[in-house]
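# Structural features, examined
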Amino acid sequence: VTRPQIERPLLLIHGEADNNPGTFPMQSERFYQALKGLGKECRLVLLPLESHSYAAKENVLHMLAEIDDWLERHLVPSTASAEPGEGAQTEALGSAVAADT
């Protein structure tokens with residue numbers, strides 16, 4: 001097993017009911033755990049009842065909000081004193097499951 005060459009923060013979003021061959025949610029969960037174990041900054045968001053394509057309005061809006069927040073935290077220069085990613089946490093957001101490091 002080789003060490004991932006991922007050096008930048010990574011956002012993973014996956015449909016919890018994805019049954020597309022080769023893209024099962026378990027893969028994202030294991031990838032997230034491996035990155036977390038290596039001390040990498042990452043976030044995993046599982047959208048409930050969604051398959052490979054997201055259809056529920058709530059989940060599409062949640063996905064867009066997650067992406068917007070991620071880009072704001074990691075691409076826009078911050079004037080806040082706190083470093084991005086401080087305080088590892090796992091949180092439930094609405095009906096979606098999200099994990100953050």
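Residues numbered from 1 in each chain as written. Predicted model: local features only at pLDDT ≥ 70, side-chain atom pairs only at ≥ 80, totals over all residues. Heavy atoms only, no water.

### Comments concerning the overall build of the chain
Keep this limit in mind: In this description a helix means any DSSP run of H or I spanning at least four residues, a strand means any run of E spanning at least two, and both kinds are numbered starting from the N terminus. Only protein chains enter the accessibility calculation, which uses a 1.4 Å probe. A residue is then buried if its area is under 20% of the maximum for its type, exposed if over 50%, and partly exposed in between. Residue contacts follow a heavy-atom distance rule, with two residues in contact if any of their heavy atoms lie within 4.5 Å. Accessible areas in this description were obtained via Shrake-Rupley with a 1.4 Å probe; residue shielding takes into account the shown protein chains only.
From N to C terminus, the chain includes two helices and four strands. Secondary structure elements of the chain occur, N-terminal to C-terminal, as β-α-β-α-β-β. Expressed as a percentage of its 101 residues, the buried residues of the chain come to 28%. Sequence separation of 24 or more characterises 67% of the internal contacts of the chain that already satisfy a separation of 6 or more. Surface exposure of the chain reaches about 6,700 Å², of which carbon and sulfur atoms provide 57%.

### Side note on the environment of Q33
Relative to the helices and strands, Q33 is located in helix 1 (residues 25-37). For the pair Q33 and R43, spaced 10 residues apart in sequence, the C-alpha separation works out to 10.0 Å.

### Here we look at the side chain of D18
Quick note on the threshold: Residues counted as positive are Lys and Arg, residues counted as negative are Asp and Glu, and His and the chain ends are not counted. When a carboxyl oxygen of Asp or Glu lies within 4 Å of a side-chain nitrogen of Lys or Arg, that pair is called a salt bridge. In the analysis that follows, any N or O atom pair within 3.5 Å is treated as a polar contact, provided that within protein one partner can donate a hydrogen and the other can accept it, and provided that, for residues neighboring in sequence, both atoms belong to side chains.
Examined against the element boundaries, D18 turns out to sit in the loop between strand 1 (10-15) and helix 1. For the buried D18, no salt bridge is present, and the opposite-charge side chain at shortest range is R30, 15 Å distant. For D18, the side chain forms a polar contact with the side chain of H14, separated by 3.1 Å. D18 has contacts with T23, F24, P25, E50, S51 and H52, leaving out every residue within four places of it along the chain.

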